[in-house]
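# Examination of the molecular architecture
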Amino acid sequence: MIVVLKNQIKNIIEAYFDDKYEKDIEIITEEPKKLSLGDIAIPSFSVVKVLRKPPVEVANEIKATLENSNLPLAKIEVVGGYVNIFLDKEKMAGDILYNAIKNDEKYASSTIGNGKTMVLDYSSPNIAKSFSIGHLRSTVIGNSLKLILQKCGYNTVAINYIGDWGTQFGKMIVAIEKWGNIEEIKKDPINILSELYVRINNEEKEHPELAEEAREAFRKIELGEQKYVDMWKWIRQESLKESEQIYDLLDVNFDSFNGEAFFNDKMQRVIDILENKKLLKEDQGAQIVDLGEDIPPALIKRSDGGSLYITRDLAAVMWRKETYNADKLLYVVGNEQKLHFIQLKNVIEKMDLPYADDICHINFGLVLKDGKKMSTRKGNVVKLYDILIQAIEAAKNQIEEKNPDLPNKDDVAKKVGVGAVIFNDLKNYRALDYEFDVNQMVKFEGQTGPYLQYTGVRIASIIRNQNIDLTNLDLSLFDKEHYYEVIKLVGDFDDVITDAAKEYAPSIIARYLLDLASSFNKFYSIERINTEDEKIRNTNFALAKAVRIVLNEGLRLLGIKYLEKM
Ligand code: ARG
């Protein structure tokens, strides 16, 4: 809201100087730290410099211009070369309340993305290996970005670019042939396949020849030997089940599962362009594209003719651009792949394709356990799914302790536990590492998802079955600081969402929701909401309802469920 107002003020004054003096002058708006200096301040120096008039004169012109506008301003003071603007808090509060309550879950939607298509590549696990905590990050961040972009009017395409190609399939085939039994595996594919995968990785340490056998098996898939291709298909289908189990819990979905294998027959175009443009060079039998001094060359074809990750990604860039008429291609992938995406962009540029700049690597940091990189594979069979189940159990314990008579306890525990994991991830700026502590993240107090759900539930119980008459409010209450603080935050929601969309950073929304919840809780500790005075009561209920609307919608944008009771 304040950002919108600042823009309106800026536009009105710039138009005035343009009209009157035919000068294009940039107006600066500030938010003073001291309340006595107003809510928004405008220094006059940028105008003074161009018009060569005394600062006070300029400031008075600005003041007069604003007084003629119908913006919600209460008072405008000229102090030195500054114009200090005090907002009409009552009018502002009335507008925000009305807006939020009338629009409900549509509140703070925008149209900035209308007509634009964003393709998001996220989750993208390497199946046959187990679903890693890094892929959980990608899933959670990508899903939230999709929802945020949709809220801003963008058309989105969610792609799960599954890693369904690579030597891990060769390993799996060797392991199944040596120690497995198809009928047994079918009974419990998720666990048995991952045990086999762990086993072959362990045995490989003693028997390095297994790695060679695995490569050989994968070669046979690549060469299209029927028996191996059939095995690959089967393993692919069975190992996707682990990921699907996790997507069900998180309630995320995708528009496409076209993974790496899908691009196997679409790479020739890339090679042709690279050859035509004389970009391919031979290097120890392999084919590479040289990317200059600062960037290591991109390996396009292995010396044995096998294809590579980047080659499939190049084909996928072209395909996505064309198929979806995409404006941007977003890749939600960990920091470790920074170089890969730099190379991808650079090769696309060298190919003279006009969309290198549309490739955006939405990078993220590691998940740590006791300060060390958390791992769900390497010998121990701790599965991500089990970790989510642990979070749900921890949530259930909290509920048993706090509200043992709650109906639908299991459903609530699921929403709280899963929400806790998601929030714990999204509250951190994505590029940073964070620590994973299940017991901490499910607490109902502190900077947690359950804290937000709980605040929402408290509000729900306050306003349940109350009639709120928006024509009978006492807006003068919003001159009080604890009222104003809450409504101002409610009014900021649209800016927060557009910022999060611009920065591809759900954490901006997560942090904001924490501020909103704590300012509401402070308000609630000061004010009796259900009070005798009808006008005050109505205003309090309206404010509580507006906060509930923002909390619900904010949680939804993060991919977290809100609750009626918990
Ligand atoms: N499967 C890859 C991995 O786990 C991530 C894929 C990311 N997307 C892409 N288009 N490269 O490392």
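See the structure printed just above.
The paragraphs below set out a description of the structure included in this document. (Residues numbered from 1 in each chain as written. Predicted model: local features only at pLDDT ≥ 70, side-chain atom pairs only at ≥ 80, totals over all residues. Heavy atoms only, no water.)

## Regarding the packing of aromatic side chains
Spelled out, the test is: Ring pairs shown here join Phe, Tyr and Trp side chains whose ring centres sit within 6.5 Å, with only the six-membered ring taken for Trp; geometry is labelled stacked below 30 degrees between planes, edge-to-face above 60, and tilted in between. Classification of residues uses two cut-offs on accessible area relative to the type maximum, computed with a 1.4 Å probe and protein chains only: under 20% is buried, over 50% is exposed, and between them is partly exposed. Think of it as a cone above the ring: NZ of Lys or CZ of Arg counts as a charge over the ring if it is within 6 Å of the ring centre and within 35 degrees of the ring normal.
Going through the model one piece at a time under the given rule, you end up with 22 aromatic pairs. For the pair Tyr247 and Phe254, a centre-to-centre distance of 5.0 Å together with 65 degrees between the ring planes defines the contact as edge-to-face. Relative accessible area serves as the criterion here: at 12%, Phe254 is assigned to the buried category. Relative to Phe263, the ring of Phe262 has its centre 5.0 Å away and its plane inclined at 85 degrees; by these criteria the two rings are edge-to-face. On the basis of relative accessible area, Phe263 is assigned to the buried category, the value being 1%. Taken together, the aromatic side chains of Tyr122, Phe131, Tyr247, Phe254 and Phe257 make up a single cluster linked through ring pairs. Residue placement shows Lys266 over the ring face of Phe262; its charged tip is 3.9 Å from the ring centre.

## A closer look at empty space enclosed by the protein
We count it as follows: Two kinds of site are reported from a 1 Å grid over the protein atoms alone, namely cavities, where a 1.4 Å probe fits but cannot get out, and pockets, open sets with protein on both sides within 12 Å along at least five of seven lines, and residues are called lining when an atom falls within 4 Å of a point. Grid points are joined across faces, edges and corners, and a volume is the space filled by probe spheres set on the points. Helix numbering and strand numbering both begin at the N terminus, where a helix is a DSSP run of H or I of at least 4 residues and a strand a DSSP run of E of at least 2.
Here the structure, examined in full by the defined rule, presents 2 cavities of 30 Å³ or more. Considering only enclosed or pocket space, the largest cavity measures out at about 70 Å³ in volume. Around the largest cavity, the lining residues are Ala128, Lys129, Ser130, Met172, Pro189, Ile190, Leu193, Ser194, Glu238, Ser239, Glu242 and Lys383. Within the residue set of the lining of the largest cavity, elements represented by two or more residues are helix H8 (189-206) and helix H10 (226-250). With 4 residues, H8 is the largest single contributor of residues to the lining of the largest cavity.

## Things to note about unusual backbone geometry
Glycine aside, residues mostly have negative phi, and peptide bonds are mostly found in the trans state. The backbone of Ala128 sits at a positive phi, close to 85 degrees, despite the residue not being glycine. Tracing the backbone through its elements, the reader meets Ala128 in the loop between strand E4 (117-121) and helix H5 (133-151). Positive phi outside glycine occurs at Asn325, with the angle close to 50 degrees. Turning to its location among the elements, Asn325 is positioned in the loop between helix H12 (309-324) and strand E9 (328-334).

## Concerning the sheet that holds strand E2 (residues 73-79)
Stated precisely, the cut-off is as follows: Paired strands, as defined in this entry, are two strands with at least two bridges between them according to DSSP. Throughout, an axis means a line fitted to C-alpha atoms (over the contacting stretch in the case of helices), and angles, computed between N-to-C directions, take values from 0 to 180 degrees.
A sheet is described by the order of its strands in space; here 3 strands give the open sequence E1-E3-E2, paired in antiparallel fashion. Every interior strand has two partners, whereas the edge strands, strand E1 (40-43) and E2, have only one. Adjacent strand axes in the sheet meet at a mean angle of 20 degrees when their direction is disregarded. With 6 bridges connecting them, E2 and strand E3 (residues 82-87) associate as antiparallel partners. Paired with Leu73 across the two strands is Leu87, which belongs to E3.

## Description of helix H19 (residues 507-526)
What counts is decided by this rule: A helix is expected to reach a length of 1.5 Å times the quantity of its residues less one. Contact between two residues is taken to exist if any of their heavy atoms lie within 4.5 Å; hydrogens are not considered.
For H19, spanning 20 residues, the distance from its first C-alpha to its last is 29 Å, which sits close to the expected 28 Å at 1.5 Å a residue. Those residues of H19 not exposed but buried are Ser507, Ile509, Ala510, Tyr512, Leu513, Leu514, Leu516, Ala517, Ser519, Phe520, Asn521 and Phe523. Against H5, helix H15 (409-426), helix H17 (449-463), helix H18 (481-503) and helix H20 (534-558) lie the buried residues of H19.

## Concerning the nonpolar core
Applicable threshold: Residues belong to a common nonpolar core when they are buried Ala, Val, Leu, Ile, Met, Phe, Trp, Tyr or Cys residues joined through side-chain atoms within 4.5 Å.
One finds Ile85, Phe436 and Val490 to be the most contacted residues of the largest nonpolar core, which totals 129 residues. Broken down by element, the residue count for this core peaks at 12 residues, all from H20.

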